[in-house]
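Here's the letter readout for the chains.
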Amino acid sequence: MPIDAAKAVAAEPRTAEISWDHKDVQLYHLGLGAGAPATDPAELRYTLESRLHVLPSFATVAGAGTGVVGGLSSPGIDVDLAAVLHGGQTVRVHRPIPAEGRAVQTSKVAAVYDKGKAAVLVLRTEAADDEGPLWTNDAEIFVRGEGGFGGERGPSGRHAEMAVAPNHTVERPVREDQALLYRLSGDRNPLHADPEFARKAGFDRPILHGLCTYGMTLKAVADTLLGGDVAGIRSYRTRFAGVVFPGETLRIRMWTGDGHVRVAVTAVERDEAPVLADTLVEHS
């Protein structure tokens, strides 16, 4: 069997040293659409090194996202990459991410779940510097056709639909060139740039990175509800429910609660097609 769940979970964690500086953070923020209007003080905190605040979702690209990539080649994991889908993402930050830093990154397969027609790998990446833990990432990777091995089904992570209107709704345009800029932060998958490759994958044109939509959404929540205070964000999780094409518009609905925000994201031009679901931002 291509996935040996017990072997994958028991494998020794992989470690690597990673580093980043303000240019990496600025490039990531620009890839999310930050900097418009360019002189807006609210945008300068994402783009100007002297005022830089780091969105917690930067943890997904620090070290060029090598933790997830390495996880797919862990002992016990032998899968066809064409059958792999990024199903969900969680970031937990233990303290604000500095604009420049070095850290030791530890990656492992934290769990393997049996969803029947698919297996779900939970690839966990933790980072710590000399002052202690920085962040924990959990990427949920669906592998089609690899379920049915008798393992635990795992948590569903689904939320009940909100019965009330959102407290806030904002729209964020996706630039035509946004995937081309975002991919410079590490994810060079040609699916997001090469029309011929995208057609072979079943799309009529390249699609936006799911983690780009993920970061755009967190920025919208921080700017709309938290006054741009990214340091107050504690965790952020989502389920990827659909694709986004460059040039589309995201509609981001937010329901506020005590210390948390529930979010739903749809693609305006495709009749509100779901993009992110079961999304929760926890903050202080």
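To be clear, the structure that these remarks concern was listed above.
Note that this is a predicted model, so its numbers are computed, not measured.

(A) The arrangement of the pattern of salt bridges in detail. Evaluation of the coordinates by the stated rule reveals 16 salt bridges. Taking the shortest distance from any N to any O, the salt bridge between glutamate 43 and lysine 219 comes out at 2.9 Å. Here glutamate 43, found in helix 3 (residues 41-47), pairs with lysine 219, found in helix 7 (residues 210-225); they are 176 residues apart in sequence, far enough to count as distant. Taking the shortest distance from any N to any O, the salt bridge between arginine 251 and glutamate 272 comes out at 2.0 Å. Here glutamate 272 lies in the loop between strand 9 (260-267) and strand 10 (273-283) and arginine 251 lies in strand 8 (residues 249-257), a separation of 21 residues in the sequence. A relative accessible area of 26% means that glutamate 272 is categorised as partly exposed. Counted as one network, the salt bridges with shared partners bring together Glu171, Arg251, Arg253 and Glu272.

(B) Looking closely at unusual backbone geometry. For the bond from alanine 36 to proline 37, the omega torsion is 0°, close enough to zero to count as cis. Mapped onto the elements, proline 37 comes out in the loop between helix 2 (22-31) and helix 3. The phi dihedral of aspartate 271 falls on the positive side, at around 55°, and the residue is not glycine. Inspection of the secondary structure assignment puts aspartate 271 in the loop between strand 9 and strand 10. Overall, aspartate 271 belongs to the exposed group, its relative accessible area being 73%. The residue aspartate 278 is not glycine, and still its phi comes out positive at about 50°.

(C) Looking closely at helix 7. Taking 1.5 Å of rise per residue, 16 residues should cover 22 Å, and helix 7 covers 23 Å from first to last C-alpha, within 8% of that figure. Residues of helix 7 that are buried include every one of Leu211, Cys212, Thr213, Tyr214, Gly215, Met216, Thr217, Leu218, Lys219, Ala220, Val221 and Ala222, and no others. In the stretch just after helix 7, glycine 227 is the one whose phi turns positive, near 60°.

Conventions used here
- Within each chain, residue numbers correspond to sequence positions counted from 1 in written order.
- pLDDT decides what is reported in this predicted model: residues at 70 or higher carry local features, side-chain atom pairs at 80 or more are listed and counted, and totals for whole chains, interfaces and linings draw on all residues regardless.
- Computation of side-chain values covers all heavy atoms of the structure but excludes hydrogens and water.
- A pairing counts as a salt bridge when a side-chain nitrogen of Lys or Arg comes within 4 Å of a carboxyl oxygen of Asp or Glu.
- Secondary structure counts use DSSP, requiring at least four H or I residues in a row for a helix and at least two E residues in a row for a strand, with both numbered from the N terminus.
- Accessible area is worked out with a 1.4 Å probe on protein chains only. A residue is then buried under 20% of its type maximum, exposed over 50%, and partly exposed in between.
- By this rule the span expected of a helix is its residue count minus one, scaled by 1.5 Å.

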